[in-house]
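Okay, here's what each chain looks like letter by letter:
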Amino acid sequence: MPLSDDSRYLRGGPVAQRIIAAVREDAAIAKAEGFPPKLISITVGDTAAVDVYVRNQRAKAELAGIDFEERRFPATITAGELEASIHGLNADPRVTGIIIQRPVPAHIPIRTLQAAVHPLKDVEGMHPASIGNIVYNQLDLAPCTAAASVELLKETGLDLKGLEVVIVGHSEIVGKPIAFLLMSEGATVTVCHHMTRSVAAHARRADALFVAVGKPRLIKADMVKPGAAVIDIGINSEIGPDGSTHIVGDVDTESVREVASWITPVPGGVGPITVAILLRNTMVALSRQRALYEATYGTAGRLAAE
Ligand SMILES: NC(=O)C1=CN([C@@H]2O[C@H](COP(=O)(O)OP(=O)(O)OC[C@H]3O[C@@H](n4cnc5c(N)ncnc54)[C@H](OP(=O)(O)O)[C@@H]3O)[C@@H](O)[C@H]2O)C=CC1
Ligand SMILES: Nc1nc(=O)c2c([nH]1)NC[C@@H]1CN(c3ccc(C(=O)N[C@@H](CCC(=O)O)C(=O)O)cc3)C=[N+]21
């Protein structure tokens, strides 16, 4: 059977399309009411995975009717200059969402940048005031990849209550928020990282295995429980024998698909949903800004940006 026909593949495309269609309707209404959404992406330096992400952000934002602008800065920029630029965007009423692409160069403290974004414009939920919400089970604006991964697991129809879930990778932006989202849904969660004694021993117990490490083919068939759902979050650039560049995940898909009941392809799995959720978050952030605006000035007023 050609891989593309395999029902074990959990595809992100249809889920992403559903989300983007809803965002498009919301964006059109918001625009007509005088609150046009505008998302700004900040990139510092050059990273292949960021380029893929930003390219798709631009394309899908256009599809959804959200204004999108990329600000690119050289790796030599200082943290102070970046912070000043973020403060400028915070103060600009036309800008309704800000995302800082990770990673940033080592001399720039990413947490300081994330904390510089106004919480009402924080469309990734990475400001300390935002990320705390998911600890309190307030899940309407969660980090995009984590929310996307959980959304794909739900497509299996598995009951998350009491489900044995193992997450490999515990970054602030992916692994940790996935753990909190799944705990909110009632799953039993184990989180593995580079100090875990045997990732394989944990992974083999999982009914659902999430992998976000950044190492191609880290997860092999003998690390997966038969019948499990495997959510591959990795986005790694590889150069093929013919010299062309393509992206692969962290899971050895060829062998794991023989064991798992569900597996997410890369590309075509978590990635497209991540982009869609970023746009959905942009609308959530906009509605919070509107609520504040209307509470302050009354509902009759319209933004100067209109
Ligand atoms: N599909 C999508 O939408 C997205 C994909 N990504 C991709 O996901 C991957 C991970 O991204 P991100 O979380 O930002 O990466 P980080 O580099 O921030 O985190 C990687 C994590 O993997 C852990 N780790 C490293 N080696 C091992 C190992 N051998 N066994 C177990 N754990 C290990 C690290 O642990 P420790 O910290 O202890 O060293 C760390 O927690 C990348 O490929 C990235 O491109 C990222 C965001 C969105
Ligand atoms: N602050 C921050 N948040 C992130 O979420 C974040 C980040 N920084 N830095 C880079 C990584 C990587 N990432 C991707 C998301 C979607 C695709 C995506 O759309 N992938 C398509 C690619 C298809 C194609 O090749 O065009 C797919 O997998 O099918 C790729 C990569 C988000 N990241």
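Residues numbered from 1 in each chain as written. Chains lettered and ligands numbered in written order. Predicted model: local features only at pLDDT ≥ 70, side-chain atom pairs only at ≥ 80, totals over all residues. Heavy atoms only, no water.

Feature annotation in UniProt assigns "domain: Tetrahydrofolate dehydrogenase/cyclohydrolase NAD(P)-binding" (unreviewed entry) to the following positions: residues 143–289. Here residues 143–289 runs as 34% helix and 19% strand, with 19 Å between its end C-alpha atoms. (UniProt positions renumbered as here; feature names shortened; annotations may be inferred. Helix = DSSP H or I, 4+ residues; strand = E, 2+ residues; numbered from the N terminus.)

Take empty space enclosed by the protein next. A complete count under the given rule lists one cavity of 30 Å³ or more for this structure. Computed from the structure, the largest cavity encloses a volume of approximately 60 Å³. Forming the boundary of the largest cavity are Ile 98, Ile 99, Ile 100, Arg 102, Gln 114, Val 117, Asp 122, Glu 124 and Met 126. Among the elements that make up the lining of the largest cavity, the one with the highest residue count is strand β3 (residues 97–100) (three residues). For the lining of the largest cavity, the class distribution of residues is five nonpolar, one polar and three charged. (1 Å grid on protein atoms, 1.4 Å probe; cavity = no way out; pocket = protein on both sides within 12 Å on 5 of 7 lines; lining within 4 Å. Points joined across faces, edges and corners; volume = space filled by probe spheres on them. Nonpolar A, V, L, I, M, F, W, Y, C, P; charged D, E, K, R; others polar.)

Looking now at the packing of helix α1 (residues 13–32) against helix α10 (residues 270–297). Closest axis-to-axis distance for the α1/α10 pair is 9 Å, and the angle between their directions is 25°. Compared by their axis directions, α1 and α10 come out roughly parallel. Between α1 and α10 lies a crossing whose hand is left-handed. Counting all contacts with α1, which are made through Val 15, Ala 16, Ile 19, Ile 20, Val 23, Asp 26, Ala 27 and Ala 30, the residues of α10 involved are Pro 272, Ile 273, Ala 276, Ile 277, Leu 279, Arg 280, Met 283, Leu 286 and Arg 290. (Axes fitted to C-alpha atoms, helices over the stretch in contact; angles between N-to-C directions. Parallel < 35°, antiparallel > 145°, perpendicular 65-115°, else oblique. Left-handed = near helix turned anticlockwise from the far one by under 90°. Contact = heavy atoms within 4.5 Å.)

On to the packing of helix α6 (residues 144–154) against helix α7 (residues 175–184). Running from N to C, α6 and α7 cross one another at 45°; their axes reach a closest spacing of 8 Å. Taken as axis vectors, α6 and α7 run oblique relative to one another. Crossing hand, α6 versus α7: right-handed. Of the residues in α7, those touching α6 at Ala 146, Ala 147, Ser 149, Val 150 and Leu 153 are Pro 177, Ile 178, Leu 181 and Leu 182.

Lining the immediate surroundings of ligand 2 are 19 residues, of which Asn 56, Ile 100, Arg 102, Glu 124 and Gly 268 lie closest. Between Asn 56 and ligand 2, the recorded distance is 2.9 Å, taken from a side-chain N or O atom to an oxygen atom. Within the side chain of Thr 145, one N or O atom sits 3.2 Å away from an oxygen atom of ligand 2. Considering ligand 2 on its own, with 670 Å² of exposed area, one finds that the protein chains cover 84% of that surface. Among the detected pockets, ligand 2 sits in the largest pocket. Secondary structure elements with two or more residues in the shell around ligand 2: α2 (48–64) and α10. (Near = heavy atom within 4 Å. Polar contact = N/O pair within 3.5 Å; in protein donor to acceptor, adjacent residues only side chain to side chain. Areas by Shrake-Rupley, 256 points an atom, 1.4 Å probe, with all protein chains shown as cover. Sits in = over half its atoms within 2 Å of the grid points.)

Ile 66, Leu 153, Ile 178, Leu 182 and Phe 210 are the most contacted members of the largest nonpolar core, which totals 59 residues. Elements with a minimum of two residues in this core: α1, α2, α6, β4 (164–168), α7, β6 (208–211), β7 (229–232) and α10. Here the element with the most residues in this core is α10; it accounts for 12 residues. Summarising the domain contributions, this core has at least three residues from each of domain 1 (20–123 + 271–291) and domain 2 (144–268). For Ile 66, the contacting residues outside a window of four places in its chain are Val 23, Ala 27, Pro 37, Leu 39, Ala 61, Leu 279, Thr 282 and Met 283. (Core = buried A, V, L, I, M, F, W, Y, C linked by side-chain atoms within 4.5 Å. Buried < 20%, exposed > 50% of the residue type's maximum accessible area, 1.4 Å probe, protein only. Domains from an automatic or database assignment.)

On the surface, Val 135, Tyr 136, Phe 180 and Met 183 cluster together to form a nonpolar patch covering roughly 430 Å² of accessible area. Structurally, the position occupied by Tyr 136 is in the loop between α5 (128–135) and α6. (Patch = residues over 30% accessible without salt bridge, like charges linked within 9 Å, V, L, I, M, F, W, Y side chains within 5 Å. Salt bridge = Lys/Arg side-chain N within 4 Å of Asp/Glu carboxyl O.)

Okay, the site of ligand 1 next. Contacts to ligand 1 come from 21 residues, most closely from Thr 145, His 170, Ser 171, His 194 and Thr 274. The side chain of Lys 215 places a nitrogen or oxygen atom 3.0 Å from a nitrogen atom of ligand 1. Here an oxygen atom of ligand 1 and a side-chain polar atom of Thr 274 are 2.7 Å apart. Notes on ligand 1: free accessible area 930 Å², of which the protein chains cover 71%. With respect to the pocket detection grid, ligand 1 is positioned in the largest pocket. Classifying every residue of the shell around ligand 1 by side-chain character gives 10 nonpolar, 10 polar and one charged.

The strands that make up a sheet are held in pairs by hydrogen bonds between backbone atoms, and each pair lies either parallel or antiparallel. Strand order across the open sheet formed by three strands is β2-β1-β3, with parallel pairing between neighbours. The open sheet has two edge strands, β2 (67–73) and β3, and neither has a second partner. Between one strand axis and the next, the sheet turns by 20° as a mean value, whatever way the strands run. Here strand β1 (residues 38–44) runs beside β3; their pairing, made up of four bridges, is parallel. Counterpart to Ser 41 in the pairing with β3 is Ile 99. In this fold helix α3 (residues 79–91) packs onto β1, β2 and β3, with an angle of close to 180° to the strand it touches most, β1. (Pairing = 2+ DSSP bridges.)

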